[in-house]
Amino acid sequence: MVQPKGIFHFLIVSGIAIMLAACNAAKAPQKPGKVRLAKIVVDSAQLENYKTLLKEEIEASIAKEAGVLTLYAVFEKERPTHLTILEIYATEEAYQAHLKTTHFLKYKNGTAHMVRELELVETDPLVPELKIK
């Protein structure tokens, strides 16, 4: 019997594989240096505040950091306090620089009391040179 957590993991990994397969390969391919999933459970009483801070952080990261290739957050429909963020960075150095930015630190410090669970999953992309459109 497949456990719900196993199904969720399978769906997330399958979804990422489908997204990457659908990317435009015509652009100059760049193999990302770091790809991972951040699986987060947020306190339900803080969910809207959390979403506001996360949205602000993602938008600032994409706009200001060339090394942040993708930060794509999705919330589960049946468990809206559970989210997964697909993080793609050009290099490990870009990721390390991202951790020191003002906008990331504002998000991290501002949401620390809101996060009930955090799991960071390092990944190996199936077709790493494909870009998400």
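Structure: above.
Report follows, based on the coordinates. (Residues numbered from 1 in each chain as written. Predicted model: local features only at pLDDT ≥ 70, side-chain atom pairs only at ≥ 80, totals over all residues. Heavy atoms only, no water.)

In summary, the side chains of a regular strand alternate between the two faces of the sheet. A large share of strand β1 (residues 34-42) lies buried, amounting to nine of its nine residues. The alternating pattern of β1 places Lys-34, Arg-36, Ala-38, Ile-40 and Val-42 and Val-35, Leu-37, Lys-39 and Val-41 on opposite faces, both of which are buried. Examined bridge by bridge, β1 and strand β3 (residues 82-89) share eight bridges and lie antiparallel to one another. When the bridges of β3 are listed, Leu-37 appears paired with Leu-86. Sheet topology note: the β1/strand β4 (residues 115-122) ladder contains seven bridges and is antiparallel. Across the sheet, Ile-40 pairs through a bridge with Leu-118, a residue of β4. (Buried < 20%, exposed > 50% of the residue type's maximum accessible area, 1.4 Å probe, protein only. Helix = DSSP H or I, 4+ residues; strand = E, 2+ residues; numbered from the N terminus. Pairing = 2+ DSSP bridges.)

Where strands meet in a sheet, backbone hydrogen bonds hold them as pairs that are either parallel or antiparallel. The strand order across the open sheet built from four strands is β2-β3-β1-β4, with neighbouring strands paired in antiparallel fashion. Every other strand in the sheet has two partners, leaving β2 (68-75) and β4 as the edge strands with one partner each. Across the sheet, the mean angle from the axis of one strand to that of its neighbour is 15°, orientation sign disregarded. Against the sheet, helix α2 (residues 47-64) engages β1, β2, β3 and β4, with an angle of about 160° to β2. (Axes fitted to C-alpha atoms, helices over the stretch in contact; angles between N-to-C directions. Contact = heavy atoms within 4.5 Å.)

What follows concerns the nonpolar core. As a rule of thumb, nonpolar side chains are buried together in soluble globular proteins. Ranked by internal contacts, the top residues of the largest apolar core, which has 17 residues, are Ile-40, Val-42, Tyr-50, Leu-54, Leu-83, Ile-85 and Tyr-107. Those elements that place two or more of their residues in this core are β1, α2, β2, β3 and α4 (102-111). Element by element, the count of residues in this core is highest for α2, at five residues. In this structure Tyr-50 touches Ile-40, Val-42, Phe-75, Leu-83, Tyr-107, Thr-111, Met-114 and Val-115, once residues within four positions along its chain are discounted. Within the second largest apolar cluster, five residues are counted, among which are Leu-37, Leu-86, Ile-88 and Val-121. (Core = buried A, V, L, I, M, F, W, Y, C linked by side-chain atoms within 4.5 Å.)

Right, let's talk about the side chain of Lys-34 for a bit. Here Lys-34 is to be found in strand β1. Judged by relative accessible area, which is 11%, Lys-34 ranks as buried. Only 3.3 Å separates the side chain of Lys-34 from the side chain of Glu-92, close enough to count as a polar contact. The contact partners of Lys-34, leaving out residues within four places of it in the chain, are Glu-87, Ile-88, Tyr-89, Glu-92, Tyr-95 and Glu-122. (Polar contact = N/O pair within 3.5 Å; in protein donor to acceptor, adjacent residues only side chain to side chain.)

Within the structure shown, the criterion is met by eight salt bridges. Of the charged contacts in the structure, one is a salt bridge between Glu-87 and Arg-36, with a shortest N-O distance of 3.5 Å. Taken as a pair, Glu-87 in strand β3 and Arg-36 in strand β1 lie far apart in primary sequence, 51 residues in all. Residue Glu-87 is classed as buried on the basis of its relative accessible area, which comes to 7%. With a closest N to O distance of 2.8 Å, Lys-55 and Glu-59 form a salt bridge. Within this pair, Lys-55 and its partner Glu-59 are both found in helix α2, separated by four residues, close to a single helical turn. Under the relative-accessibility criterion, Glu-59 is labelled partly exposed at 44%. Through salt bridges with shared partners, a single network forms among Lys-34, Arg-36, Glu-87, Glu-92 and Glu-122. (Salt bridge = Lys/Arg side-chain N within 4 Å of Asp/Glu carboxyl O.)

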